[in-house]
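Architecture and fold: a report
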Amino acid sequence: MIHPRLSVRVRRAALACLSGGLFLVGASSTPVAADTRPSIRVDNDTLTVQTVLDGRFSGPKETFVSVDGAENARGKLTVTFDASDLEGFFPESATGLVPCDADGDLIGECDHPHQRLVLDATAKATAAGRSGRVRITAKVDGKVQDTAEVTVRVTDPGPVFDRAPTGFTDVEPGSRLDLPGGFSNYSRYHGYRSVIVDVYFPNGLSPVEEFGNCAYAMSNTGAPRISGQDTSMSCRLTGPISPGGSYDLDLGPVEVGHQAVLLNIHYSARPEKPGAEGPEPLRGRPGKGRPLTFTERAEGATHVRSRSLPVTTSVRTTNQADFSVNHVTLKGKVGDVVDADFFFVNNGPGAVPAVFDSEEDNETAPVVQLALPKGITVIKAPENCGEEPDPPTDKNTKGGKEADGPLYRCWQGRMDKSALMTPGSFEHFPFSIRLDKPGRTVNDTADSGYVLIKTELTVDKFDEDKDNNRSHISLDVKAAPRASATSTEQDTSSRRATIGGAAAGFALACAAHIPWRRRAIRSSIIGTDATGGNAVAPEGPEPTR
C-alpha cells in the first residue's frame, strides 16, 4: 500500500514532467523566420511619354520604386537604375531622367530604398513610336537580391505638318506672300490612305487661291465692334501616305490686309477619320478650283523644322498701331452727379491682337488705370472696373504727400483671344461721379488725376505714339468753396480786411465831420480862440436841424 504522502509527491512530479513536456512542445512549434531578401515594388511599370511632334507637353510621367524588406537586409543595400536602353530618346538638355545619375550616363546607383523615377521631358521626333526599358536592381553588399523593369513608350503621332516658312518681316500691306508647306508621317509602322491638312489664316491674311479638295469656313474675330473675319481651310489629301514618308505641297499665295501688323498662320495635319456613311465631312463651303496636291520630298529632307513644332508662320508688316486714352474734364457745380466715360482707342492704321495678358482667358486682363482727383465720390463704376485699396502709409513720416483720390483698375471686356482691335475700336469705362469739395494742390489749383494704359503685356512693340498713352482727368467745379488757404494767402486776406475796415471808418468819419465842419466855419466867423485856431465843437449829440 502506497503511503498517501508519497502519492501527492508523485502527482506533483508527474505534473512537473507534463508541464516541461508541453513547454518543449511549444518551443519546437515556433515558426522559422521567413525569407527576408529585399524585393522591388513598382507602382507603375509602363510610362508613355510624348514627343515634340505632339505639340503640347502633357506633364511629367513618374512611378514610385520601393524596396520591401530593406530594413531586414544584413549589409549595405543599393538600388541601381539602368536606362541606357533610352539613349537617343530625349534631348541632350534633358537631365535627371533616372535617380542618382550624377554623370548623366543614364545609370544611377542609390543607397536609399525609396526612389521616384520621373521622365519630365518630351522625346525627340526620331524616337516617335519607339519603346525602351529601365532596369532596376536591388543589391546587398553587391549581391543581386531582386530585379524589376519599367517600360517607356513614346507616342506615335502619325502625320505631322512640319514644313512652313518661319516668318516674313517688313511686309508692305496689300502685298502677297507665297506659302510652301509640307508634312511627314512619323509613324514607323502605319500608312494612311488620306490625310486632312488644316490651315488657319487670321483676320488680315487671306488665301488668294481656292482648291477643289478643300473647304473654307469664316468666323468673326470677337465682339461685334471688332470687325473682320478669320479663315480656316481644311483639305483632304488622298494617299497613299507611307510609313516614314515626307511630302511637300504648295498652299498658294496669301494676301496681306491693309490693317495687318503682326499675325501668325497656323498649320496641322492628321489622319482622316471616315465615318460609317463615308469620308470625313469637311467644315465649311467647298472650294472652287484645282485640287491641292503633294509630292514626295527628296532624300535627307524628312524632318524639317521638327525642333519647333507645331510650325507657324509669322507675318510682320510695316504698319503700326497707335493706342491713346481720352482727356476727361469733370465739370459742374458742387453736389452735381456727372457722367464720365473713360476709354482707350486704337487710332490705327494697323490692327493689333486684343490680348493684353498671358492667361488662358481675358476675363481679368487689366488694361487701364484710373487715378481720380480728390474731392469727388464715385456713385457708380462699370462692372469691369474695381477700386484698388489705398497703399499703406507711415504716420511717423513728416512732410509726406497726401493720398490721392480713388484709384481704379479696369480690365477688358472682350473674351476671344483671337479678336483684333481694328482702327476705331475701343474699350470704354463709364462712371457716375458726384462733385464734392475739390482738393487743392500747393499751387492753389484744383487737384487732377490721370487715366493710363497699363497692361500686363507691353503695347510698345506696336504702339507708334506712346505719348498719348496717358491723359489728365481735370476738375471744373463752379461755386466750390475753397478747401484751404496757405499762410501767405491768410496774411494777404488779413491785410485786405484791415485796409477795408480803415477805409470804412474813414468814410464814416468824413460823413460825421461834414456838419461839424460847417459849425466850425460858423464859429470862426463869430470869433477865434486865444491861439488863433478854430474853435472845437463841443462833444455831445448834434442839434436837430
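Residues numbered from 1 in each chain as written. Predicted model: local features only at pLDDT ≥ 70, side-chain atom pairs only at ≥ 80, totals over all residues. Heavy atoms only, no water.

Should the pLDDT be low somewhere, the predicted coordinates at that spot are not to be read in detail. Averaged over the chain, the pLDDT score is 76; the fraction of residues at 70 or greater is 70%. This stretch, residues 17–34, has a pLDDT under 50; its non-local contacts, to residues over four places away or in other chains, come to zero contacts. Here residues 221–227 is a poorly scored stretch, pLDDT under 50, and it has 22 contacts once near neighbours within four places are set aside; other chains count. (pLDDT = per-residue confidence, 0-100. Contact = heavy atoms within 4.5 Å.)

Once that is clear, we can look at the pairing of strand β7 (residues 131–140). Bridge count between strand β4 (residues 77–82) and β7: six bridges; the pairing is antiparallel. Bridged to V79 within β7 is A138. Summarising the sheet, β7 and strand β8 (residues 143–154) pair through 10 bridges and their orientation is antiparallel. Looking across to β8, one finds that R135 is bridged to E149. As consecutive antiparallel partners, β7 and β8 are separated by two residues, and within that stretch D141 has a phi angle of approximately 55 degrees, a positive value. (Pairing = 2+ DSSP bridges. Helix = DSSP H or I, 4+ residues; strand = E, 2+ residues; numbered from the N terminus.)

Once that is clear, we can look at the sheet that holds strand β21 (residues 323–325). A sheet is described by the order of its strands in space; here four strands give the open sequence β21-β23-β30-β26, paired in antiparallel fashion. Two strands close off the open sheet at either side, each with one partner strand: β21 and β26 (376–380). Geometrically, the sheet is characterised by an average inter-axis angle of 30 degrees between neighbouring strands, direction not taken into account. Relative to strand β23 (residues 337–346), β21 is paired through three bridges, and the arrangement is antiparallel. Within β23, the position partnered with S324 by the bridge is V345. (Axes fitted to C-alpha atoms, helices over the stretch in contact; angles between N-to-C directions.)

What follows concerns the state of the cysteines. What the rule picks out here adds up to three disulfides. Each sulfur in the disulfide pair C214 and C235 lies 1.9 Å from the other. The S-S bond linking C214 to C235 shows a torsion near 105 degrees; that makes this disulfide right-handed. With C214 in strand β14 (residues 214–220) and C235 in strand β15 (residues 229–241), the pair connects residues that are 21 residues apart, well separated along the chain. The exposure class assigned to C235 is buried, which follows from its relative accessible area of 1%. Paired by a disulfide, C385 and C410 hold their sulfur atoms 2.0 Å apart. Here the disulfide of C385 and C410 is right-handed, its torsion about the S-S bond being about 110 degrees. Taken together, the residues span a long stretch of sequence, with C385 in strand β27 (residues 385–388) and C410 in strand β28 (residues 407–411) at a distance of 25 residues. (Disulfide = S-S within 2.5 Å. Buried < 20%, exposed > 50% of the residue type's maximum accessible area, 1.4 Å probe, protein only.)

Our next topic: the pairing of β8. Strand residues, when the strand is regular, have side chains that alternate between the two faces of the sheet. Bridge count for strand β2 (residues 46–49) against β8 is four bridges, and the pairing is parallel. Its bridge partner lying in β8, T46 is registered against T151.

Turning next to the environment of N469. Among the secondary structure elements, N469 is positioned in the loop between β31 (449–453) and β32 (470–478). With residues up to four places along the chain from it excluded, the contact list for N469 reads F323, S324, V325, V451, L452, I453, V459 and D463. A distance of 3.0 Å separates a polar atom in the side chain of N469 from a polar atom in the side chain of D463. (Polar contact = N/O pair within 3.5 Å; in protein donor to acceptor, adjacent residues only side chain to side chain.)

Turning our attention to the sheet that holds β32. Strand pairing within a sheet occurs via backbone hydrogen bonds; the two strands may be parallel or antiparallel. In spatial order, the strands read β22-β32-β31-β25-β28-β27; together these six strands make up an open sheet with mixed pairing. Looking at which strands have only one partner, the edges of the open sheet turn out to be β22 (328–333) and β27. Here the strands of the sheet are splayed against their neighbours by 20 degrees on average, with no regard to which way each runs. Sheet topology note: the strand β25 (residues 366–371)/β31 ladder contains four bridges and is antiparallel. Bridge pairing in β31 links Q369 to L452.

Another point: the packing of aromatic side chains. Enumeration over the complete set of coordinates arrives at eight aromatic pairs. On the basis of an interplanar angle of 10 degrees and a centroid distance of 4.8 Å, the ring pair of F161 and Y267 is categorised as stacked. Taken as a pair, F161 in strand β9 (residues 159–163) and Y267 in strand β17 (residues 262–271) lie far apart in primary sequence, 106 residues in all. For F161, a relative accessible area of 3% puts it in the buried group. Consider the rings of Y408 and F431, whose centres lie 5.3 Å apart with planes at 85 degrees: the pair is edge-to-face. (Phe/Tyr/Trp six-rings, centres within 6.5 Å; stacked < 30°, edge-to-face > 60°.)

By size, the foremost hydrophobic cluster in this structure holds 39 residues, and its most contacted members are F183, M233, L251 and Y267. Examining the composition of this core, we find that five residues originate from one element, strand β16 (residues 246–256), more than from any other. (Core = buried A, V, L, I, M, F, W, Y, C linked by side-chain atoms within 4.5 Å.)

Turning our attention to the environment of L262. Tracing the chain through its elements places L262 in strand β17. Accessibility expressed as a relative area gives 29% for L262, which makes it partly exposed. Put simply, L262 and T317 are 55 residues apart on the chain and 6.4 Å apart in space, counted from C-alpha to C-alpha. Every residue in contact with L262, bar those within four places of it in the chain, is listed here: V315, R316 and P353.

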